[in-house]
Structures are given as C-alpha cells and as structure tokens.
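Fold and contact review
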Amino acid sequence: MSSEQVYAKLKENDLRITKQRKIIVDVILQNDHASCKDICNKVMSKDSTVGTATVYRMIRLLEDIEVVKRIDMIEVIKD
C-alpha cells in the first residue's frame, strides 16, 4: 500500500492528515514487520515533538481502518 492509499483511507474515515500522521505513515510503510517500539524510535528521530502515545494511537487507528495488522511475536528461550 502506498502513502497516498493510506491517506485516502484516512479521508474516507473522516480523519485529518496531519504532519505527524504523515511521518508515522511513512515510517510504517518503510519498515514493514517492525515492532511498535522500533516505529516509535524512528518517528521520534525524525520529529522529536511526536510522542509515544501519538504513535501508538495512530497504529491503533490504522488497525481500525484495516491498513495495518498488528501481530504478536513469540521468541524462543534459548538455554
């Protein structure tokens, strides 16, 4: 999915496209299969005014409009 397609989905759901949302969308699209923590770190390195809560809210919003799918990851414990 391209950023333009994500923006169209946001508009379809009567959601504004802010500078912060654009940054978050760009980071997510460039980092497929990244953890939420990694996304937060990359977003904040691009714009330090974007907080962790904003990133997590946006990820949840993108889940709700079916742009992204969050999956739980399991790590095997090694002796």
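Residues numbered from 1 in each chain as written. Predicted model: local features only at pLDDT ≥ 70, side-chain atom pairs only at ≥ 80, totals over all residues. Heavy atoms only, no water.

**A word on the overall build of the protein chain**
Here is the rule we go by: For helices the rule is a DSSP run of H or I covering at least 4 residues; for strands it is a run of E covering at least 2, with both sets numbered from the N terminus onward. Only protein chains enter the calculation, and the probe is 1.4 Å; a residue is then buried if its accessible area is under 20% of its type maximum, exposed if over 50%, and partly exposed in between. Only the protein chains shown count as covering a residue, and every accessible area follows the Shrake-Rupley method with a 1.4 Å probe. Charged-residue counts in this description rest on Lys and Arg as positive and Asp and Glu as negative, His and the chain ends being excluded. Each charge is placed at NZ for Lys, CZ for Arg, CG for Asp and CD for Glu.
The helix and strand inventory of the protein chain stands at four helices and zero strands. With respect to the principal axes defined by its C-alpha atoms, the protein chain has extents near 50 × 25 × 20 Å. Going through the 79 residues of the protein chain one by one, you find that 28% of them count as buried. Of the roughly 6,000 Å² that the protein chain leaves accessible, carbon and sulfur atoms contribute 47%. With 14 positive and 13 negative side-chain charges, the protein chain shows a spacing of 5 Å between the two charge centroids.

**Here we look at the pattern of salt bridges**
Note the following rule: What makes a salt bridge here is a side-chain nitrogen of Lys or Arg within 4 Å of a carboxyl oxygen of Asp or Glu, nothing more.
Within this structure, the stated rule accounts for one salt bridge. The residue Asp47 makes a salt bridge to Lys19 at a minimum N-O spacing of 3.7 Å. Here Asp47, found in the loop between α3 (36-46) and α4 (52-64), pairs with Lys19, found in helix α2 (residues 19-30); they are 28 residues apart in sequence, far enough to count as distant. On the accessibility criterion, Asp47 (9% relative accessible area) is buried.

**Focus on the packing of helix α1 (residues 3-12) against α2**
Filter applied, for reference: Lines fitted to C-alpha atoms define the axes, with helix axes restricted to the stretch in contact, and inter-axis angles between N-to-C directions lie between 0 and 180 degrees. When an angle is under 35 degrees it counts as roughly parallel; over 145 it counts as roughly antiparallel; between 65 and 115 it counts as roughly perpendicular; any other value is oblique. Helix crossings get a hand from a simple test, with the near helix turned counterclockwise from the far one by less than a right angle marking a left-handed crossing and a clockwise turn marking a right-handed one. Residues are treated as being in contact if the distance between any of their heavy atoms lies within 4.5 Å. Under this grouping Gly is polar, as are all residues other than the nonpolar Ala, Val, Leu, Ile, Met, Phe, Trp, Tyr, Cys and Pro and the charged Asp, Glu, Lys and Arg.
At a minimum axis distance of 10 Å, the contact between α1 and α2 shows a crossing angle of 135°. Compared by their axis directions, α1 and α2 come out oblique. The two elements α1 and α2 meet at a crossing, and its hand is right-handed. Residues Ser3, Val6 and Tyr7 of α1 pack against Lys22, Val25, Asp26 and Leu29 of α2. In terms of residue class, the contact of α1 with α2 is built from four nonpolar, one polar and two charged.

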